[in-house]
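# Results of the structural survey
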Amino acid sequence: MSEIAAKGAPHPRFRNPRLLPAAVLAAAVLAAIPVFGSAYAVQFGTDILTFTALAYGWNLISGFTGYLSFGQVAFYGLGAYTVGLLVTDTAVPWPLAVCGGGVVGVIAAALLGPVMLRLRGILFALGAFGLARILGVAFSDFALAGGGNGMTLPAELTPTAVYVFMACVALAGFLANLWFARSGFGLDAMAVREDEDAAGALGINTTKVKVVAYILSALFPALVGGLVAWNRSYLDPPSMFDPTIDLQSVVFVLFGGIGTLWGPLLGSVVLMVVDEEFLVHFPDLALLLFGLVVIVTVLLFPGGLVSLANKRGWLLRRPVLAQSALPVGEPPAAEAAESLGPVLEVRNLTVRFGGLTAVNEVSFSVGRGEMLAIIGANGAGKTTLFNTITGFVVPTSGDVLFLGRSVAALPAWRRAQLGMARSFQIPRVMAALTVWENVLVAARHGRQRHRAVAHAAWVVRTVGFAEMWREPVSRLSPGHQRLLEFARVLALNPELVLLDEVMAGMTREEQEEVRAVVRRLREYGVAAVAFVEHVIAAISDLSDRMVVLDFGRKIADDTPARVLADPAVVRAYLGAPQE
Amino acid sequence: MLAAQLIIDGVLLGGTYVLVAQSLNLIFGVMGVVNLAHGSFIVLSGLFTAWFFGLYGVSPLLLVPLTFAVVFAAGVVLQPVLLEPLVKYGRRMELMSLMVTFGLNYVLVEIALQAFGSNYVTVPYLQGVWSWHGITVSQSLVAAGALGGLLALLLHLGLNRTTFGKSLLAASQSEVGALSCGIDVRRMRLAAFAVGVGLAAAAGALLVLVLPMAAESADQLTILAFVIIALGGLGNYRGVAVAALLLGLAQSAMGFLVGGDAETVLPYLLLILFMAARPKRFARAVR
């Protein structure tokens, strides 16, 4: 069974036997509304589908990818105005105009994304918000589209057609979320959400992932905006760039379950029905209700309705590309060495932060088969040196050569893909994902899907996680989290492994375990290891050579025995020669 | 003459902005929370001031301490309920607090709408002008700008000259460091939020003297405050004061040269331009 799985058996789609009847039932209800329902039912159905589609769009960038946006209404407005201009100025039929709106939204997101997504966290959220406000004001002053007075459309009220289109857009939104929840690409997006720097160190092109997610999440509001325009006879900037449209996406997704497949649908349907009932009694208080729902959800059940269902074992998230049993896996094929030159060469590297020179004209190399230890007192520049080699810090001058080619200009994820793997001082695992996914995300790059799965399975077994491969990482002990970082390093199948103070703060027993893993690294095809370490005793017998840093300068580079006997090193490390 | 006129107007407007920005800066600095409901506290206080003035003709300047006290008390109640529980989420707190204050913002704006309606209001108080060689300075702008600047200065002195203020600053620089000095960081977060929103309310009572204000102005004021602290540098109270004055000047010039819409959109534009140009700087500032 697992043999077949390892060779890439087709992914079982409908494992849950209740899913197919549920899908048929949902389709039947959707179809029955325009056939048998009243005009009111069709309108209400359209409203629910509208917000389902918007919620699914928002969930892609803010739920799965972790970039909270309060400005998706920018694309909604662009879509609506594109449709407005197309149908009034040209003879384009409505459905085509709506598609045109989607195209404009996608183009706008593709242009804006690379700039906007340089911002992280709060800054992206506020930047997206500001962007929507700017567009709103711009359209108020845009003579072509009627400016602040708005534009009148040649009203063609065909509610059933709009309903059908909206249903298609909502379904597409669901499918896009399904893709994010189940595919390797979606796993990359979730890795960016969990820890963007660590994702980069695992070879994920974080910029590409973010921009693709942003573009897809812009497509849905742009299409929905166009369809809303179809259903109206009048467009004006305040209602087409209305920030409360984003509020509703946020509310519905949060309430249903952010970053989940079913959350946006559940949230939209439940809250739209509640809202409809509530509004009958309190017509003006919708915003108050939504605001309160956001607050209560975040404070009391931040996982939303889906997290409540999870407690009963319903709607559980399925780990990405995980079969029912852990595949046997296959060890990486032994590769012939590409070159006999040094694996890593650092040339005259200097890093300055303002007036502080953290790394000063440091040169050294790591040969094939070598284990190099980099030691030094606190603040000697060890971690900065590592961050510069791996692409997290830009050097002031100097060069880094990896396997004979300069990598100084490459981003961290490219270096990781070339075979440079690193660990972090504090283990940076993706807490909301499973052990399996943490390993798979690193194993995926440069491999076809079934090869990635087989390789990840081999790593999971080799490192000893076979018993807990489907466990969420947040349940692992700190020691296991450290071990998981090693597993991810192995999954990258690297030529060079850089370990940053992996033994700091560990007990003797834990240090022994780590030393055993480090010794075995070479068996797994790792050509060279460099480690930064504080605990000299723990590494002097592990390393072939030691480089000593003192205030950013290299003061020694020799065998451990000679380095530790060097008076200059003793002075730098212990401060006083008498010691 | 025209330049002098625009500069005076800009500096006085900037004086009120200093208070708006420093109050957000205090909350952001100590709690690490961007209070998206900041503008709604300003607007609630401004609309209340206009309403109260309309009813009783009480000097709006007397309402400054009153609105401060009321909203300070509200902050004391809200912070432990809404924000303190999120501290346990660590790194995720940043985005979760953003969502909570986003929700709070809508609740408060809705309350403002229900209580005071959706119209733009202003307070016809100190309508006189002082003229000198063709430069006219509105008395209300002088009162608002000077008082705003004064309150911001008091905050600055309070933070730097009193033990309590120094504890607040310590908590904003390092939670662990402050804890190990025996500072009750939890109480500092409470104080920062309550004083911060209280000062936002005071700023609202002043701003309504010089700017027409409506419930829907809330978001714009929040962004304005955030842009100023982003430009001036988080925790850098002098830098923020300078940035507030510069933004006042820029708005006064843009309002004259291009018109009202440009004035409205300027903070948003600056926000995106500066963040796109110097993302590293802001990334550090925000931790």
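Residues numbered from 1 in each chain as written. Chains lettered and ligands numbered in written order. Predicted model: local features only at pLDDT ≥ 70, side-chain atom pairs only at ≥ 80, totals over all residues.

Within chain A one finds 24 helices and 12 strands. Considered along the principal axes of its C-alpha atoms, chain A spans approximately 90 × 55 × 45 Å. Counting across all 579 residues of chain A, residues that qualify as buried make up 50%. A sequence separation of at least 24 residues applies to 76% of the contacts in chain A between residues at least 6 apart. (Helix = DSSP H or I, 4+ residues; strand = E, 2+ residues; numbered from the N terminus. Buried ≥ 20, exposed ≤ 12 C-beta atoms within 10 Å, placed from the backbone. Contact = placed C-beta atoms within 7 Å.)

Residues and elements named next belong to chain A. In terms of burial, strand S11 (residues 545-550) is largely enclosed, as six of its six residues are buried. Across the two faces of S11 the burial is the same, with Arg-545, Val-547 and Leu-549 and Met-546, Val-548 and Asp-550 all buried. Across five bridges, the pairing between strand S5 (residues 371-376) and S11 is parallel. Of the residues in S11, the one forming a bridge with Gly-376 is Leu-549. Examined bridge by bridge, S11 and strand S12 (residues 553-558) share five bridges and lie antiparallel to one another. Looking at the pairing, Asp-550 lines up with Arg-553 of S12. With antiparallel pairing between neighbouring strands as the criterion, S11 and S12 make up a hairpin whose turn holds two residues, including Phe-551 at a positive phi of roughly 45°. (Pairing = 2+ DSSP bridges.)

A few words on the environment of Leu-207 of chain B. Secondary-structure assignment places Leu-207 of chain B in helix H8 (residues 185-210). If sequence neighbours within four positions are ignored, Leu-207 of chain B has contacts with Thr-16, Ile-42, Gly-46, Ala-144 and Met-213 of chain B.

This part is about unusual backbone geometry. Residues and elements named next belong to chain A. Its identity is not glycine, yet Glu-501 carries a phi of approximately 45°, on the positive side. You will see that Phe-551, though not glycine, has its phi angle at about 45°, which is positive. Counting through the fold element by element, Phe-551 comes out in the loop between S11 and S12.

Residue and element names in this part refer to chain B. For Thr-101, the position within the fold is in helix H4 (residues 93-116). With 25 C-beta atoms counted inside 10 Å, the residue Thr-101 sits in the buried group. When the C-alpha atoms of Thr-101 and Leu-36 are compared, they prove to be 5.1 Å apart, with 65 residues separating the residues in sequence. The residues contacting Thr-101, other than those within four sequence positions of it, are Val-33, Asn-35, Leu-36 and Ala-37.

Moving on, we come to the interface of chain A and chain B. Chain A puts 35 residues into the contact, and the matching count from chain B is 33 residues. Breaking the side of chain A that touches chain B down by element, the ones donating at least two residues are helix H6 (121-140), helix H12 (243-256) and helix H14 (286-300) of chain A. A class-by-class count of the residues in the side of chain A that touches chain B yields 25 nonpolar, five polar and five charged. (Nonpolar A, V, L, I, M, F, W, Y, C, P; charged D, E, K, R; others polar.)

All names here are of chain A. Strand order in the open sheet made by the four strands is S4-S3-S6-S7, with antiparallel pairing throughout. A single partner strand is all that each edge strand has here, and the edge strands are strand S4 (356-366) and strand S7 (405-406). Two strands pair when backbone bridges link them, and strand S6 (residues 397-402) and S7 are joined in this way by two bridges, in the antiparallel orientation. What sits directly across from Leu-401, in S7, is Ser-406. Taken strand by strand, helix H16 (residues 382-390) contacts strand S3 (344-353), S4 and S6, and its axis lies near 65° from that of S4. (Axes fitted to C-alpha atoms, helices over the stretch in contact; angles between N-to-C directions.)

To continue, consider helix H19 (residues 449-463) of chain A. With 15 residues, H19 of chain A should reach 21 Å at 1.5 Å per residue; the first-to-last C-alpha distance of 21 Å fits that figure. Of all the residues in H19 of chain A, the buried ones are Ala-452, Val-453, Ala-454, His-455, Ala-456, Ala-457, Trp-458, Val-459, Val-460 and Val-463 of chain A. (Expected span 1.5 Å × (residues − 1).)

Glancing now at the confidence of the model for chain B. Residues and elements named next belong to chain B. Mean pLDDT over chain B: 88, with 95% of residues reaching 70 or higher. For chain B, helix H12 (residues 279-286) is the element with the lowest average pLDDT, namely 47, and helix H3 (residues 60-83) is the one with the highest, namely 96. This stretch, residues 282-287, has a pLDDT under 50; its non-local contacts, to residues over four places away or in other chains, come to 10 contacts. The ipTM assigned to the predicted complex is 0.91, against a pTM of 0.91. (pLDDT = per-residue confidence, 0-100.)

Attention now goes to the nonpolar core. One finds Val-439, Ala-456, Val-460, Ala-487 and Leu-496 of chain A together with Ile-228 of chain B to be the most contacted residues of the largest nonpolar core, which totals 296 residues. Both of domain 1 (38-240) and domain 2 (344-574) of chain A provide at least three residues apiece to this core. If near-sequence neighbours (up to four positions away) are discounted, Ile-228 of chain B is found in contact with Tyr-17, Ala-21, Val-240, Ala-243, Ala-244 and Leu-247 of chain B. (Core = buried A, V, L, I, M, F, W, Y, C linked by C-beta atoms within 7 Å. Domains from an automatic or database assignment.)

What follows deals with the packing of H19 of chain A against helix H20 (residues 478-491) of chain A. Residues and elements named next belong to chain A. Orientation of H19 relative to H20, taken along the N-to-C sense of each, is 145°, at an axis distance of 9 Å. Relative to H20, the crossing made by H19 is right-handed. Contact residues: H19 offers His-455, Ala-456, Val-459, Val-460, Thr-462 and Val-463, while H20 offers Leu-483, Phe-486, Ala-487, Leu-490 and Ala-491. Residue composition of the contact of H19 with H20, by class: nine nonpolar, two polar and no charged. (Left-handed = near helix turned anticlockwise from the far one by under 90°.)

All names here are of chain A. If you check the domain split of chain A, you get domain 1 (38-240) and domain 2 (344-574). If you average the C-alpha positions of domain 1 and of domain 2, the two centres end up 42 Å apart. On the domain 2 side, the residues contacting the 16 residues of domain 1 number 22 residues. Contributions of two or more residues to the side of domain 1 that touches domain 2 are made by helix H8 (184-194) and helix H9 (196-201). At six residues, the largest contribution of residues to the side of domain 1 that touches domain 2 is made by H8. Residues of the side of domain 1 that touches domain 2, tallied by class, amount to seven nonpolar, five polar and four charged.

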